[in-house]
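# Structure assessment
If you want the building blocks of each chain, they are given just below.
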Amino acid sequence: PLVTEDPETVGAGQVLVETGIDYVRDAVYPVSGLEGNLLRAPLVGVSIGISSIAELQFDGGFYNRLSITRRFPAPLTELLASDGERVSSVEDLVVGTKVRLMSEGASRPGLAVRFATKLPNASNESGLGLDTTDFFASLLVAKTIESVRIVTNLGIGILGDPTRGDRQNDVLTYGLSFARAISQSAEVVGEVSGHLNTRSGVPPPGTDTRGMLRFGSRYTLGPVRADTAILVGLTTRDPGFGVSAGFTYVFHAFQVP
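Just so you know, these numbers come straight off a predicted model, no measurement behind them.

Once that is clear, we can look at the overall build of the protein chain. The helix and strand inventory of the protein chain stands at zero helices and 12 strands. Expected size for 257 residues packed as a compact globule is a radius of gyration near 18 Å; at 19 Å, the protein chain falls within 12% of this value. With the C-alpha coordinates aligned to their principal axes, the bounding extent of the protein chain is approximately 55 × 35 × 35 Å. In the protein chain, buried positions account for 43% of the 257 residues. For the protein chain, the accessible surface area stands at approximately 12,700 Å², while carbon and sulfur atoms represent 62% of it. Distance from the positive charge centre (22 side chains) to the negative charge centre (27 side chains) of the protein chain: 3 Å.

See the structure below:
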């Protein structure tokens, strides 16, 4: 249920497949002028271990549906292709790579870097996309202390302005999570994550400060993990409340030469 990235990679020749669903209330789209209850299902992620220290990541979704509760004036309202009570679209695809720089030791944390690009698969005609290509770079740090694992992400995001093609906003991205083992298979987890606007004055539409609080649990049995979480938005632009659930499966797919 966490979006904070752990510096540990999936492993050489291993493939991690995850799928899930989430539902949030009062999701706000300030560029298209829509607000409503958002269902995303299924969300899909695939991580491929190309070596013992590196992996490729693909994250997206096939169906997003917004049940509209409010419309308001916004920069790209005139581009909306629907004036009904619902709109739908695919999820933007995120392509990334993670490289572990240092393994965790008795007195040192694990360390990795991650680079990712968000592609504009969700259109602004649906109201759910921005039609911008964004780039992210993060430093990932983690340490296990007794039965608690703490993970921190800190980086930058270069977000395009959806209203004009010659401007961007550089934001500070962050994530802080914990996982507390309560048995050999079960964990309680939580995190705070998001990004902070660094521009003085009014930021470009859709690039303002965002944050989300997650709290949930996960249960692992062999190569399969199930998870659930509740979500709470931290700003007026974030959803008020939501829930999520998913499954993860890891298997050996190929031999790395």
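So, on to the nonpolar core. Counting residues in hydrophobic clusters, the biggest one holds 12 residues: Val24, Ala27, Tyr29, Leu34, Leu38, Leu66, Ile68, Leu80, Val87, Leu128, Met212 and Leu231. Secondary structure elements with two or more residues in this core: strand 1 (14-29), strand 2 (34-49) and strand 3 (54-71). Per-element tally for this core: the top contributor is strand 1, with three residues.

With that settled, consider a nonpolar patch on the surface. Among the surface-exposed residues, Tyr23, Ile145, Ile150, Leu176, Phe178, Phe215, Ile230, Phe241 and Val243 lie close enough to one another that they form a single nonpolar patch of about 760 Å² accessible area. When residues of the nonpolar patch are traced back to their parent elements, those giving at least two are strand 8 (168-181) and strand 12 (241-252). Mapped onto the elements, phenylalanine 178 comes out in strand 8.

Attention now goes to the sheet that holds strand 7 (residues 148-160). Within a sheet, neighbouring strands are paired by backbone hydrogen bonds and run either parallel or antiparallel to one another. Spatial ordering of the closed barrel is given by 1-2-3-4-5-6-7-8-9-10-11-12, a layout of 12 strands whose pairing is antiparallel. Here the average twist between neighbouring strands, direction ignored, is 20°. Where strand 10 (residues 210-221) lies against strand 11 (residues 224-233), 10 bridges are found, and the strand directions are antiparallel. The residue of strand 11 that forms the bridge with leucine 213 is valine 232.

A word on the pattern of salt bridges. Scanning the model with the defined rule gives 18 salt bridges in all. We note a salt bridge from arginine 114 to glutamate 5, for which the minimum N-O separation is 3.6 Å. Taken together, the positions of arginine 114 in strand 5 (residues 110-118) and glutamate 5 in the segment before strand 1 put the pair 109 residues apart, joining distant regions of the chain. Residue glutamate 5 is classed as buried on the basis of its relative accessible area of 18%. For lysine 98, the salt bridge is made with glutamate 55, and the minimal N-O distance between the two is 3.9 Å. Highlighted residues: lysine 98 in strand 4 (residues 86-102) and glutamate 55 in strand 3, separated in sequence by 43 residues.

A few words on the pairing of strand 2. Direction of pairing for strand 1 relative to strand 2: antiparallel, over a ladder of 12 bridges. Considered in strand 2, the bridge of valine 17 is made with valine 46. In this sheet, strand 3 lies alongside strand 2 in antiparallel orientation, the contact comprising 14 bridges. Of the residues in strand 3, the one forming a bridge with leucine 38 is leucine 66. Where strand 2 hands over to strand 3, the hairpin turn is made up of four residues, counted between the paired strands.

Taken as a whole and assessed by the stated rule, the structure comprises one aromatic pair. An angle of 25° between the planes, with centres 5.6 Å apart, marks the rings of tyrosine 249 and phenylalanine 251 as stacked. Of the residues examined, tyrosine 249 reaches a relative accessible area of 38% and is grouped as partly exposed. Look at phenylalanine 251 and you get partly exposed, because its relative accessible area is 31%.

Reading the values: rules and limits
- Residues numbered from 1 in each chain as written.
- Predicted model: local features only at pLDDT ≥ 70, side-chain atom pairs only at ≥ 80, totals over all residues.
- Heavy atoms only, no water.
- Helix = DSSP H or I, 4+ residues; strand = E, 2+ residues; numbered from the N terminus.
- Rg over C-alpha atoms; globule rule 2.2 N^0.38 Å.
- Buried < 20%, exposed > 50% of the residue type's maximum accessible area, 1.4 Å probe, protein only.
- Areas by Shrake-Rupley, 256 points an atom, 1.4 Å probe, with all protein chains shown as cover.
- Lys, Arg positive; Asp, Glu negative; His and termini not counted.
- Charge placed at Lys NZ, Arg CZ, Asp CG, Glu CD.
- Core = buried A, V, L, I, M, F, W, Y, C linked by side-chain atoms within 4.5 Å.
- Patch = residues over 30% accessible without salt bridge, like charges linked within 9 Å, V, L, I, M, F, W, Y side chains within 5 Å.
- Salt bridge = Lys/Arg side-chain N within 4 Å of Asp/Glu carboxyl O.
- Pairing = 2+ DSSP bridges.
- Axes fitted to C-alpha atoms, helices over the stretch in contact; angles between N-to-C directions.
- Phe/Tyr/Trp six-rings, centres within 6.5 Å; stacked < 30°, edge-to-face > 60°.

Keep in mind that these numbers describe shape and distance, not what the molecule does.
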